[in-house]
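# Close look at the chain arrangement
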Amino acid sequence: QVQLVESGGGLVQPGGSLRLSCAASGFTLRYYGTGWFRQAPGKEREGVSCITGGDGTSYYSDSVKGRFTISRDNAKNTIYLQMSSLTPEDTAVYYCAAVWTGGIRSASGVCEMTDSMDYWGEGTLVTVSS
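Residues numbered from 1 in each chain as written. Predicted model: local features only at pLDDT ≥ 70, side-chain atom pairs only at ≥ 80, totals over all residues. Heavy atoms only, no water.

## Thoughts on the sheet that holds strand 8 (residues 78–83)
Spatially, 1-3-8-7 is the arrangement adopted by the 4 strands of the open sheet, whose pairing is antiparallel. Each having just a single partner strand, strand 1 (3–7) and strand 7 (68–73) make up the two edges of the open sheet. Across the sheet, the axes of successive neighbouring strands diverge by a mean angle of 15°, strand direction being ignored. (Pairing = 2+ DSSP bridges. Helix = DSSP H or I, 4+ residues; strand = E, 2+ residues; numbered from the N terminus. Axes fitted to C-alpha atoms, helices over the stretch in contact; angles between N-to-C directions.)

## Topic: the state of the cysteines
Under the defined criterion, the tally for this structure stands at 2 disulfides. The disulfide bridge from Cys-22 ends at Cys-96, spanning 1.9 Å between sulfur atoms. Here the disulfide of Cys-22 and Cys-96 is right-handed, its torsion about the S-S bond being about 55°. One end of the pair, Cys-22, is in strand 3 (residues 18–25); the other, Cys-96, is in strand 9 (residues 92–99), and 74 residues separate them in sequence. For the pair Cys-22 and Cys-96, a shared accessibility class is recorded, and that class is buried. The disulfide partner of Cys-50 is Cys-111, and the S-S distance across this bridge is 2.1 Å. Between Cys-50 and Cys-111, the S-S torsion sits near 100°, and that sign places the bridge as right-handed. With a gap of 61 residues between them, Cys-50 in strand 5 (residues 46–51) and Cys-111 in helix 1 (residues 107–111) connect regions that are remote in the sequence. Accessibility expressed as a relative area gives 0% for Cys-50, which makes it buried. According to the relative accessible area criterion, Cys-111 is buried, its value standing at 6%. For the protein, the disulfide bridges join cysteines in the arrangement 1-3, 2-4, where the cysteines are counted in sequence order. (Disulfide = S-S within 2.5 Å. Buried < 20%, exposed > 50% of the residue type's maximum accessible area, 1.4 Å probe, protein only.)

## Description of the side chain of Thr-52
Relative to the elements of secondary structure, Thr-52 occurs in the loop between strand 5 and strand 6 (58–60). Taking relative accessible area as the criterion, Thr-52 reaches 4% and is therefore assigned buried. Polar contacts involving the side chain of Thr-52 include one to the main-chain amide nitrogen of Gly-56, which spans 3.5 Å. Leave out the neighbours within four places in its chain, and Thr-52 touches Tyr-32, Thr-57, Arg-72, Arg-105, Ser-106 and Ala-107. (Polar contact = N/O pair within 3.5 Å; in protein donor to acceptor, adjacent residues only side chain to side chain. Contact = heavy atoms within 4.5 Å.)

Printed below as a string of structure tokens:
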């Protein structure tokens, strides 16, 4: 069966750090465009950071650039999102997703495919609050 399972969410204070994990089963992540999306209360789901299959180039939304880092561990078939300098505006349910991109090879392109992803995890809640 094909699954994506996120973990690592929780409560963190402003300025703190957190690392999210997304473990895949049933398919090989390095052959897919993958990424992290989030949905804050009352807002639409948005792409946060994505990474291409193959050479693993990455993309970050302007709101997280310089604070978040995406990575992939091929041996563990897992992607990660290291989050630092967190603010209350980062509070959201974070989802990982994967897509067979075909001719789309840019990480930004992957993050723009919100409505076309092949696989989604159930999400993990990140709450940034004092």
